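These are the residues of each chain, in order.
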Amino acid sequence: MWKRPVLVSGPLGIVSWTELAFFVMFIALLVWSFATDLRRSFLDIERTGPMDGDKMWEAKLERSGLWLGNVGNIALAFLFFPVTRVSSVLPLFGLTSEASIKYHIWLGHIVMVLFTTHGLVYILYWALTHRISEMVKWQKTEISNVAGEISLLAGLGLWATTFPRVRRKMFELFFYTHYLYILFMLFFVFHVSFYYSCIMLPGFYLFLVDRFLRLLQSRGCARLVSARVLPCDTVELNFSKTPGLEYTPASIMFINVPSLSKLQWHPFTISSNSNLEKDKLSIIIKNEGAWSKKLYQILSSPSPPDRLEISVEGPYGPTPTQFLRYEKLVMVSGGSGVTPFISIIREFIFTSTAFKSMTPKLTLICAFKNSSELTMLDLVLPISGTPSDLSNLQLQIEAYVTREKEATTQSPKQARAVWFKPSLLDEPLYAILGPSGWLWLGAIISVSFVMFLILIGIITRYYIYPIDPNQNEFPITVRAVLNILVMCVCIVIVASTAFVWNKRTNAKEAKQIKHLNGSAGVHSPDSGLYNAERELESLPHQSLVQATNLHFGERPDLKKMLFECKESSVGVLVCGPKKMRHEVAAICSSGLAKNLHFESMSFSW
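Residues numbered from 1 in each chain as written. Predicted model: local features only at pLDDT ≥ 70, side-chain atom pairs only at ≥ 80, totals over all residues. Heavy atoms only, no water.

Rule in force here: UniProt positions are given in the numbering used here, feature names are shortened, and annotations may be inferred rather than shown by experiment.
Going by what an unreviewed UniProt entry lists, the protein is known as ferric-chelate reductase (NADH) and is assigned to Eucalyptus globulus. The UniProt entry for the protein carries the following comment under Sequence similarities (unreviewed entry): "Belongs to the ferric reductase (FRE) family." The Catalytic activity (unreviewed entry) field of the UniProt record for the protein holds the comment "2 a Fe(II)-siderophore + NAD(+) + H(+) = 2 a Fe(III)-siderophore + NADH".

This is the structure:
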């Protein structure tokens, strides 16, 4: 019951009872902290009197601004946990960074509202007390007002691009202005001192470890084996990987194509299955933006390149979801939202074939605008790897084409695959920290932090306080820089050591995979093109066609279809437009069908 949606629309999006309970408790924590500190400060002012010649109300106004900033620090302490992709904390709660982005958004709005109010209250206080010159003070051993103002301006610039209308229309602006977090955090530390900023250190420390590991991984070139080009402006990229790299269904991977843009990284949902395809990883890219349009034009051209340089980060995926606990699984998708369900279906193909075990009944309800998008269903079958057997799978696909009233009479374009030549510079994808990544991550965090404590202790004892700590006036900014520098150096040393160790361990396996790909990647030495029609005429494809019902000129009646599910336990997954997610969430949370269990899927394409 606690996982059922209680809010399906509004500024918070789709929110379960559990999420709402924690949100209310967190707001209560902030209100209680602010009220308690403010009450204690007001009592002190009334007992001892205002300082610096202030009036009573002026002193209380200054204290109100101070404690607003303190409450903002509490919210800031949680801000970086949801966006740490290689996280040691989120899996403990069954969460991923992709599924937790909404928590980061909530916290970000709270942080900026509190810090902005904190800054405005102090500006008002200085103006009313004729101390506006305080705005340009950068004191040596006390609070630096200028640093706080710079931090707030960087945060406001970042915050302005996060609102949905701006983010959707100008995503590149949103993406690049988010790097202002570096200035925001740096001058925040200068403003409050490093020691007071330690309230947010745990989350930010994990984020720095994660960010550097991602940087190390992204420096290599991934081995791109082939691309499957579909007539619906969609491509499937197939990468070589080591068998030791495992991931869960609906995982995502970030890719960068330097020939298109050296700075842009885009997330895409993985459509392959690590059990079904031991040596291959696939992602699906829909032609929806300027970057993906350029990529599609390159791959669909009559003379595609022999090699495409690509860097990757990931994969990052959810914790294993026990889909087998349901008697039936209903997957609702709109357009490219079918992508994560492809990997889930492939997982059930593997389970039913390898273990000969019973799997839940599967119903895929997918809505497309045009009939050309129906070719996306062909991606359910892998282009290579273990033979796909659908005979043991209870799969039913209900495909709706909303903008066409009947099947087109034109001869549809055939999907094709482009094969790339191997290069010595390319490497198969592998787990950045090996199969025991969680253990290595724990070692990196603990060892680097202990090293940081030891080094900063030595620096403090023999450099900051060389004679008498009671008379020392070491600049607060220099001390903050030393702490940040030592922290980053410790992370770089320990994380680089762990990365190099695991890379050497995987080198032998990677060489074997590269050798196999080098000998197998010559399917068509003349043009590099492979006629995908051959695979689409196979027996598994015929089974897929038989399992598919086509509906033209109508939209799926989701309420009717879901209420017709009579099984005792029905898992309902939805991935697609916001309106569709809200509709399905409202149906499942209505209480009219106790057997429906809702789960929203995040995806990228």
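Notes on the sheet that holds strand β6 (residues 252-256)
So the rule is basically this: Strand pairing is defined by DSSP finding a minimum of two bridges between the two strands. What counts as a helix is a DSSP run of H or I of at least four residues, what counts as a strand is a run of E of at least two, and both are numbered from the N terminus. As a rule, the C-alpha atoms of each element are fitted with a line to give its axis, helices using only the stretch in contact, and angles between N-to-C directions run from 0 to 180 degrees.
As summarised here, the arrangement of the three strands in space is β7-β6-β9, forming an open sheet in which the pairing is antiparallel. Each having just a single partner strand, β7 (266-269) and β9 (311-316) make up the two edges of the open sheet. Put simply, the sheet's adjacent strands are angled 25° from each other on average, direction ignored. Note: β6 against β9, four bridges, orientation antiparallel. Considered in β9, the bridge of asparagine 256 is made with serine 311.

What about the UniProt feature "transmembrane region" (unreviewed entry) in the protein?
Taking the UniProt record as the reference, the feature "transmembrane region" (unreviewed entry) is found at residues 12-35, 65-83, 103-125, 146-166, 178-209, 438-464 and 476-501. In residues 146-166, the share of helix is 86% and the share of strand is 0%. The end C-alpha atoms are 29 Å apart. Secondary structure within residues 438-464 divides into 100% helix and 0% strand; the distance between the first and last C-alpha atoms comes to 37 Å.

What about the nonpolar core?
How we decide: What is meant by a nonpolar core is a set of buried Ala, Val, Leu, Ile, Met, Phe, Trp, Tyr and Cys residues, joined one to another through side-chain atoms within 4.5 Å. Each residue gets one of three labels from its accessible area relative to the maximum for its type: buried under 20%, exposed over 50%, partly exposed in between, using a 1.4 Å probe on protein chains only. A contact between two residues is defined here by any heavy atoms of the two lying within 4.5 Å.
One finds Leu76, Phe80, Phe184, Met200, Leu213 and Ile444 to be the most contacted residues of the largest nonpolar core, which totals 65 residues. Broken down by secondary-structure element, the contributors of at least two residues to this core are α1 (17-48), α2 (56-76), α3 (101-128), α4 (145-160), α7 (181-192), α8 (201-218), α11 (437-464) and α12 (476-520). Non-local contacts of leucine 213, meaning those with residues more than four positions away in its chain, are made with Ile432, Leu433, Leu441, Ile444 and Ala495.

Structural notes on the confidence of the model for the protein
Let me state the cut-off plainly: The quantity known as pLDDT measures the predictor's confidence residue by residue, on a range of 0 to 100.
Across the protein, pLDDT averages 82, with 87% of residues at or above 70. Segment residues 518-537 is flagged for pLDDT under 50; beyond a separation of four residues in sequence, or across chains, it makes 27 contacts in the model.

Section: a nonpolar patch on the surface
Applied cut-off: Candidate patch residues must exceed 30% relative accessible area and have no salt bridge, after which like charges are joined if within 9 Å and Val, Leu, Ile, Met, Phe, Trp or Tyr side chains if within 5 Å. In short, Shrake-Rupley with a 1.4 Å probe defines the accessible areas, and a residue's cover is counted only from the protein chains shown. Salt bridges are counted wherever a side-chain nitrogen of Lys or Arg sits within 4 Å of a carboxyl oxygen of Asp or Glu.
Together, Val450, Ile454, Leu455, Ile458 and Tyr462 line one region of the surface with nonpolar side chains, adding up to about 490 Å² of accessible area. Following the sequence through the fold, tyrosine 462 ends up in helix α11.

Comments concerning the side chain of glutamate 373
Tracing the sequence through the fold places glutamate 373 in the loop between β11 (361-368) and β12 (395-401). Look at glutamate 373 and you get buried, because its relative accessible area is 11%. Contacts of glutamate 373, omitting those with residues within four sequence positions, involve Cys232, Lys286 and Phe368.

Observations regarding the pattern of salt bridges
What the rule picks out here adds up to 17 salt bridges. The salt bridge partner of glutamate 19 is lysine 102, with a shortest N-O separation of 3.0 Å. Taken together, the residues span a long stretch of sequence, with glutamate 19 in helix α1 and lysine 102 in helix α3 at a distance of 83 residues. A relative accessible area of 23% means that lysine 102 is categorised as partly exposed. Residue lysine 361 is joined to glutamate 567 by a salt bridge in which the shortest nitrogen-to-oxygen separation is 3.5 Å. Here the residue lysine 361 occupies a position in strand β11, and glutamate 567 occupies one in the loop between α15 (558-563) and β17 (570-575), the gap between them amounting to 206 residues. Since its relative accessible area comes to 35%, lysine 361 is described here as partly exposed. It is possible to trace a salt-bridge network through shared partners that takes in Arg228, Glu236, Glu277, Lys280 and Arg346.

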